[in-house]
Amino acid sequence: MFPKLIAASLATLLLTSAAFAENFEVKMLNKGAEGAMVFEPAFVKAAVGDTITFISTDKGHNAEGIKGMLPEGVEEFKSDMGKDYILTLTAEGLYGVKCTPHLSMGMVALIQAGAPVNKDAVMAVELKGKAKTRFEPLLGQIAE
């Protein structure tokens, strides 16, 4: 009886937390408020368990995790070109995101899920040119 009660309690807890998970939409755009080739919004503060839906508003974009800018234990991801993609935030920390063909044009985003436990690792990754210029203000939005 006791193991069944524990199993039922855990199932209820998991279903309840999933019901409260939020979805955030991020558009992949040729032109937005910040200029050409942008994610909009480029910074999202969310919680572990939430999802980010990257919307292929304009074709020719994708969403890919930036090497060295994912929380420990999170698998690298790369969406198909021109397709919507749903990223589930499975661990606490910062998630750096780029559009593969438009990184040099500064198409980057930053997602914070809970505490920024990997902030030092993210800060250590060197982006170049326009990507660096656009990423710096995103780092300034991190909430400790």
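Structure first, text after, so check above.
Keep in mind that what you see is a predicted model, and the values were worked out from it rather than measured. (Residues numbered from 1 in each chain as written. Predicted model: local features only at pLDDT ≥ 70, side-chain atom pairs only at ≥ 80, totals over all residues. Heavy atoms only, no water.)

### Observations concerning the sheet that holds strand β1 (residues 23-32)
Then comes step 1: Pairing is mixed across the open sheet formed by 4 strands, whose spatial order is β2-β1-β4-β6. Across the chains shown, the open sheet's two edge strands, defined by having one partner strand only, are β2 (35-40) and β6 (85-88). Averaged over all neighbouring strand pairs, the angle between strand axes comes to 15°, with direction disregarded.
Then comes step 2: Note: β1 against β2, 5 bridges, orientation antiparallel. Bridge pairing in β2 links lysine 31 to alanine 36. (Pairing = 2+ DSSP bridges. Helix = DSSP H or I, 4+ residues; strand = E, 2+ residues; numbered from the N terminus. Axes fitted to C-alpha atoms, helices over the stretch in contact; angles between N-to-C directions.)

### A look at the pattern of salt bridges
Then comes step 1: Enumeration over the complete set of coordinates arrives at 2 salt bridges.
Then comes step 2: Where lysine 67 meets glutamate 76, a salt bridge forms, and the shortest distance between an N and an O atom there is 3.6 Å. With respect to burial, lysine 67 and glutamate 76 carry one shared label: exposed. (Salt bridge = Lys/Arg side-chain N within 4 Å of Asp/Glu carboxyl O. Buried < 20%, exposed > 50% of the residue type's maximum accessible area, 1.4 Å probe, protein only.)

### Things to note about the packing of aromatic side chains
For any pair of aromatic rings, the description rests on two quantities: the centre-to-centre distance and the angle between the ring planes.
Then comes step 1: Going through the model one piece at a time under the given rule, you end up with 2 aromatic pairs.
Then comes step 2: With a centroid separation of 5.8 Å and an interplanar angle of 70°, the aromatic rings of phenylalanine 39 and phenylalanine 54 are classed as edge-to-face. With a gap of 15 residues between them, phenylalanine 39 in strand β2 and phenylalanine 54 in strand β4 (residues 51-55) connect regions that are remote in the sequence. For the residue pair phenylalanine 39 and phenylalanine 54, the accessibility class agrees, reading buried in each case.
Then comes step 3: Here the aromatic rings of phenylalanine 77 and tyrosine 85 are separated by 5.8 Å at their centres, their planes lie at 10°, and the arrangement is stacked. (Phe/Tyr/Trp six-rings, centres within 6.5 Å; stacked < 30°, edge-to-face > 60°.)

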